[in-house]
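# Structural overview for review
Listed here are the chains, written in short residue letters.
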Amino acid sequence: MECVFGMVGKGFALVVADTSAVNSILVHKSNEDKIMVLDSHKLMGASGEAGDRAQFTEYVQKNVSLYQFRNNIPLTTKAAANFMRGELATALRKNPYMVNIVLAGYDKETGPSLYFIDYIATLHKVDKAAFGYGSYFSLAMMDRHYHPDMTVDEAIKLAEQCIEEIRSRLVVAPQNFVIKIVDKDGAREHSWRRTTKD
């Protein structure tokens, strides 16, 4: 019962993901961080099959680092999103990855941005996005309370409302969540919202 969602505010982007590693009816782990820091100003929240998620996110992270190493300049968030879309599209015709991505980044020229990339290589630049069973509730909450000029505190409060809605309304709800933010100061972990111990 995975859940990954994100939103763009005034000068920042935020990504939230559950931390459950689940297979069938078993919870293997409750502290799995599904939000990868791609570089100093990019976050990638991923949901999907555990093996595909780990393999694809690490592959993207290494290729983004390789590009920066070779060219002495980092990829923009838009370029990173298009790279991921291209890789998913290529894999779709061979051995598809079952992974959905919410990519958040901050670029000096364009500011914060958020990209929605699904397993069939659909790419959209959006203000808010969600994947997984929790998306039904988080998108409903964001549709009602989201506005583009949100402050960090307002976005964190909205993320907490989404988490609370998921926990109270989803039958098999993940209990722990991690919240990460990217802004002009870089990508960083903001906090964990836990109801169960590791």
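Structural data are supplied above this passage.
Bringing the sheet that holds strand E2 (residues 12-18) into the picture now. The sheet built from five strands is open, its strands ordered E10-E1-E2-E11-E12 with antiparallel pairing. The open sheet terminates on both sides in strands that have one partner only, identified here as strand E10 (128-132) and strand E12 (186-193). Across the sheet, the mean angle separating the axes of adjacent strands is 15° when strand polarity is ignored. Strand direction decides the pairing type here: strand E1 (residues 3-9) and E10, joined by five bridges, are antiparallel. Residue pairing in the sheet places Gly-6 in a bridge with Ala-129 of E10. In the packing of helix H3 (residues 135-145) onto the sheet, the strands contacted are E1 and E10, and the crossing angle to E10 comes to about 165°. Together, E1, E2, strand E11 (177-183) and E12 form the strand contacts of helix H4 (residues 152-169), whose direction differs from that of E1 by roughly 160°.

A few words now on unusual backbone geometry. Peptide bonds are trans in most cases, and residues, glycine excluded, mostly fall at negative phi. One non-glycine residue, Asn-72, adopts positive backbone phi at about 60°. With respect to the helices, strands and loops of the structure, Asn-72 is situated in the loop between helix H1 (50-71) and helix H2 (77-92). For Asn-72, a relative accessible area of 73% corresponds to the exposed category.

Conventions we followed
- Residues numbered from 1 in each chain as written.
- Predicted model: local features only at pLDDT ≥ 70, side-chain atom pairs only at ≥ 80, totals over all residues.
- Heavy atoms only, no water.
- Pairing = 2+ DSSP bridges.
- Helix = DSSP H or I, 4+ residues; strand = E, 2+ residues; numbered from the N terminus.
- Axes fitted to C-alpha atoms, helices over the stretch in contact; angles between N-to-C directions.
- Contact = heavy atoms within 4.5 Å.
- Buried < 20%, exposed > 50% of the residue type's maximum accessible area, 1.4 Å probe, protein only.

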